[in-house]
Amino acid sequence: MNALCSALGRTVVSRSLTGSCSRAMAGALANIPDVEIDPEGTFKYILLRVKVKDGDAQKDVVRGTKSAEYHNHIFEKVSPALEALGMECKCLGGGKIEHNNKDKKIRVFGESTAFGKADHAVSVEKLKTVFSDYEVTWSDDKK
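Let me sum up the structure you'll find in this document. Predicted model, so just to flag it, every value in this text is computed and none were measured.

Quick look at the pairing of strand E5 (residues 105-109)
The pairing of strand E4 (residues 87-100) with E5 spans 5 bridges and is classified as antiparallel. Bridge assignment links Glu98 to a residue of E5, and that residue is Arg107. In textbook terms, the turn of a hairpin is the stretch between consecutive antiparallel strands, and for E4 and E5 this stretch comprises 4 residues, one of which, Lys104, has a positive phi near 55 degrees. The pairing of E5 with strand E6 (residues 135-138) spans 4 bridges and is classified as parallel. Bridge pairing links Val108 to Trp138 in E6. This β-α-β element, E5 to helix H4 (residues 120-130) to E6, shows right-handed connectivity.

In structure tokens form, the structure reads like this:
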């Protein structure tokens, strides 16, 4: 459907069909999870702004994993997957997440050398929507 809308949005002049594609792409944006992080441990994370290509709809998402040695490894994995859905993404910054699922605590801190410090307050608000039964905090601490 996304590929169809993408193709139709470029070739069809009909406002109603193009509007339908815009709504479908905005729907696709809504289906992208706000947060995808590892279930436990301390790891790097990035804050991304995801935007519908050739559209106005956008949202910020959090991605983090222990498997990333550097912040750009997360971006290099996530960006092509989002582009395949008809999205553009921009890294707004990074840091680290300490996720303790036993105690239901998440701490956001630090910064990315490559992307700079993410707005941890924005990241925490995203995390709180998914981990509503957790204590989620942030600081400007490096460690």
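Past the structure itself, the notes keep going.
Some words on helix H3 (residues 71-83)
Owing to its 3.6 residues per turn, the α-helix brings residues three or four apart onto one side. Along its 13 residues, H3 runs 19 Å from first to last C-alpha, staying within 8% of the 18 Å computed at 1.5 Å per residue. Residues of H3 that are buried: His71, Ile74, Val78, Ser79 and Leu82. Projected down its long axis, H3 carries its buried residues within an arc of 115 degrees, all on one side. Looking at the packing, one finds that the buried side of H3 touches strand E2 (41-52), strand E3 (58-65) and E4.

Quick word on the pattern of salt bridges
Where charged atoms from two side chains of opposite charge approach closely, those side chains can pair. By the definition in use, this model includes 10 salt bridges. Put simply, Glu111 and Lys142 hold a salt bridge, and the shortest N to O gap is 2.8 Å. Of this pair, Glu111 sits in the loop between E5 and H4 while Lys142 is found in the segment after E6, placing the two residues 31 residues apart along the sequence. Since its relative accessible area comes to 55%, Lys142 is described here as exposed. Within this structure, Asp34, Lys59 and Lys126 form a network of salt bridges that share partners.

Rules behind the numbers
- Residues numbered from 1 in each chain as written.
- Predicted model: local features only at pLDDT ≥ 70, side-chain atom pairs only at ≥ 80, totals over all residues.
- Heavy atoms only, no water.
- Pairing = 2+ DSSP bridges.
- Helix = DSSP H or I, 4+ residues; strand = E, 2+ residues; numbered from the N terminus.
- Right-handed = clockwise from strand over helix to strand, strands pointing away.
- Expected span 1.5 Å × (residues − 1).
- Buried < 20%, exposed > 50% of the residue type's maximum accessible area, 1.4 Å probe, protein only.
- Arc of directions from axis to C-beta.
- Contact = heavy atoms within 4.5 Å.
- Salt bridge = Lys/Arg side-chain N within 4 Å of Asp/Glu carboxyl O.

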